[in-house]
Amino acid sequence: MSEIDERVFGEQIADSVESFLLALRAIAREGNGAQAVSLLLLEISQVLLAGARMGAQHDFTPSEEYQPDVGPEADIDDLRLRLAEMLEGVDAYTFVFDPYVPEVVESRLSDDLASIAIDLENGLRHFRAGDVDEALWWWQFSYVNNWGNLAGAALNALLTVVAHDRFDTDFEADADVVAVADEMLGSPPTAQP
């Protein structure tokens, strides 16, 4: 990839990252759990496309051995707390982090979304500082090592909430979880078999 192509590619990824971060903040600010599940499903899917594009590229190499300082990380505690409050009944979930070493991990959507935001925002700060090489390297590295897996797990958890809401008659799930999913999405309670 030429330097010009890398710049254009970096701009495309930066646009996707910025769009995700703006949407995530807006979703948290609105505090509407019924809309949040659907909107988060959409936003995570879109940012995962950007991540997949990063993963499909050659390994990016930063121009310096050590990451340049681009200032402090954004304070996302308020975002995380708002998401936790909004998603309260479906916030806690489990997933398998590494399917080749299948250990179940307990997590929270709010924590995972905040972690994704930190990783993406860090790359965006490098990009805005004019360091495209560092931004691309960081986004690719953090996608493969952290946020890609967390986003995939969060996507699956949110899709499960939607599935429980829409097709619950085929699921043998905990009635409390199904009731929370119904409430979050504003659906009438689903009869349990």
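Cut-offs and rules
- Per chain, residues are indexed from 1 in the order of the written sequence.
- The model is predicted, so local features are restricted to residues of pLDDT at least 70 and side-chain atom pairs to those at 80 or more, both for listing and for counting; the totals for chains, interfaces and linings are taken over all residues.
- Excluding hydrogens and water, the side-chain values take into account all heavy atoms of the structure.
- For this document, the term salt bridge refers to a Lys or Arg side-chain nitrogen within 4 Å of an Asp or Glu carboxyl oxygen.
- For helices the rule is a DSSP run of H or I covering at least 4 residues; for strands it is a run of E covering at least 2, with both sets numbered from the N terminus onward.
- Whether two residues are in contact is decided by their heavy atoms: any pair within 4.5 Å suffices.
- Definition used in this section: a nonpolar core is a set of buried Ala, Val, Leu, Ile, Met, Phe, Trp, Tyr and Cys residues joined via side-chain atoms within 4.5 Å.
- Throughout, exposure labels follow a simple rule: accessible area from a 1.4 Å probe, protein chains only, divided by the maximum for the residue type, with under 20% read as buried, over 50% as exposed, and the rest as partly exposed.
- Distance and chemistry together define a polar contact, namely a pair of N or O atoms within 3.5 Å, with one atom able to donate a hydrogen and the other to accept it when in protein, and with adjacent residues in sequence counting only for side-chain atoms on both sides.
- By the convention used here, strands pair only if DSSP detects at least 2 bridges between them.
- To estimate the expected span of a helix, count its residues, drop one, and scale the result by 1.5 Å.
- Consider a residue and the seven residues that end there alongside the seven that start there; fitting an axis to each set, the bend is the angle between those axes.
- Lines fitted to C-alpha atoms define the axes here, with helix axes fitted over just the stretch in contact, and angles between the N-to-C directions of these axes take values from 0 to 180 degrees.
- Angles are sorted into four bins: roughly parallel if under 35 degrees, roughly antiparallel if over 145, roughly perpendicular if 65 to 115, and oblique for all others.
- We call a crossing left-handed when the near helix sits turned anticlockwise from the far one by less than a right angle, and right-handed when that turn is clockwise.
- Classes in brief: Ala, Val, Leu, Ile, Met, Phe, Trp, Tyr, Cys and Pro nonpolar; Asp, Glu, Lys and Arg charged; the others, Gly included, polar.

**A closer look at the pattern of salt bridges**
So, point 1. Following the criterion strictly, the structure yields six salt bridges and no others.
So, point 2. Across the salt bridge formed by Arg108 and Asp91, the nearest N and O atoms sit 3.7 Å from each other. You can see Arg108 sitting in strand S2 (residues 104–108) and its partner Asp91 sitting in the loop between helix H3 (77–86) and strand S1 (92–96), a full 17 residues away along the chain.

**So, the environment of Ala117**
So, point 1. Inspection of the secondary structure puts Ala117 in helix H4 (residues 109–128).
So, point 2. Along the primary structure Ala117 and Leu79 are separated by 38 residues, whereas in three dimensions their C-alpha atoms are 9.7 Å apart.
So, point 3. Ignoring anything within four residues of it in the chain, the contact list for Ala117 reads Leu21, Leu24 and Leu79.

**Description of the nonpolar core**
So, point 1. Within the largest apolar cluster, 50 residues are counted, with the highest numbers of intra-cluster contacts made by Phe20, Leu40, Ile44, Leu120 and Trp139.
So, point 2. The greatest single-element share of this core, amounting to 15 residues, is contributed by helix H5 (residues 132–167).
So, point 3. Excluding residues that lie within four positions of it along the chain, Ile44 makes contacts with Phe20, Leu113, Ala151, Ala154, Leu155 and Leu158.

**Examining the environment of Glu85**
So, point 1. Tracing the sequence through the fold places Glu85 in helix H3.
So, point 2. C-alpha separation for the pair Glu85 and Gly31, spaced 54 residues apart in sequence, amounts to 8.2 Å.

**A few points about the side chain of Ser107**
So, point 1. With respect to the helices, strands and loops of the structure, Ser107 is situated in strand S2.
So, point 2. At 2.7 Å, the side chain of Ser107 and the side chain of Asp112 are in polar contact.
So, point 3. Look past the residues within four positions of Ser107 in its chain and what remains in contact with it is Asp91, Ala92, Tyr93, Phe95 and Asp112.

**So, the pairing of S1**
So, point 1. With burial as the criterion, only one face of S1 is covered, namely that bearing Tyr93 and Phe95; the residues Ala92, Thr94 and Val96 on the opposite face remain uncovered.
So, point 2. As paired strands, S1 and S2 are joined by five bridges and run antiparallel to one another. Within S2, the position partnered with Phe95 by the bridge is Val105.

**Quick word on H5**
So, point 1. The end-to-end C-alpha distance of H5 is 45 Å, clearly below the 52 Å that 36 residues give at a rise of 1.5 Å each.
So, point 2. Its maximal kink placed at Tyr143, H5 deviates by approximately 70°.

**A closer look at the packing of helix H2 (residues 33–55) against H5**
So, point 1. Relative orientation of the contacting elements H2 and H5 amounts to 150°, with a least axis distance of 8 Å. Relative to H5, the element H2 is oriented roughly antiparallel. Seen from above, H2 lies across H5 with left-handed handedness.
So, point 2. Here the residues of the contact of H2 with H5 are counted per class, giving 19 nonpolar, six polar and no charged.

**A look at H2**
So, point 1. The end-to-end C-alpha separation of H2 is 31 Å, in line with the 33 Å expected for 23 residues at 1.5 Å each.
So, point 2. All buried positions along H2 are accounted for by Gly33, Ala36, Val37, Leu40, Leu41, Glu43, Ile44, Val47, Leu48, Ala50, Gly51 and Met54.

**As for the packing of H3 against H4**
So, point 1. Running from N to C, H3 and H4 cross one another at 150°; their axes reach a closest spacing of 8 Å. As the angle between them shows, H3 and H4 are arranged roughly antiparallel. Two packed elements cross with a definite hand, and for H3 against H4 that hand is right-handed. Counting all contacts with H3, which are made through Leu79, Arg80, Leu83 and Ala84, the residues of H4 involved are Ser110, Asp111, Leu113, Ala114 and Ala117.

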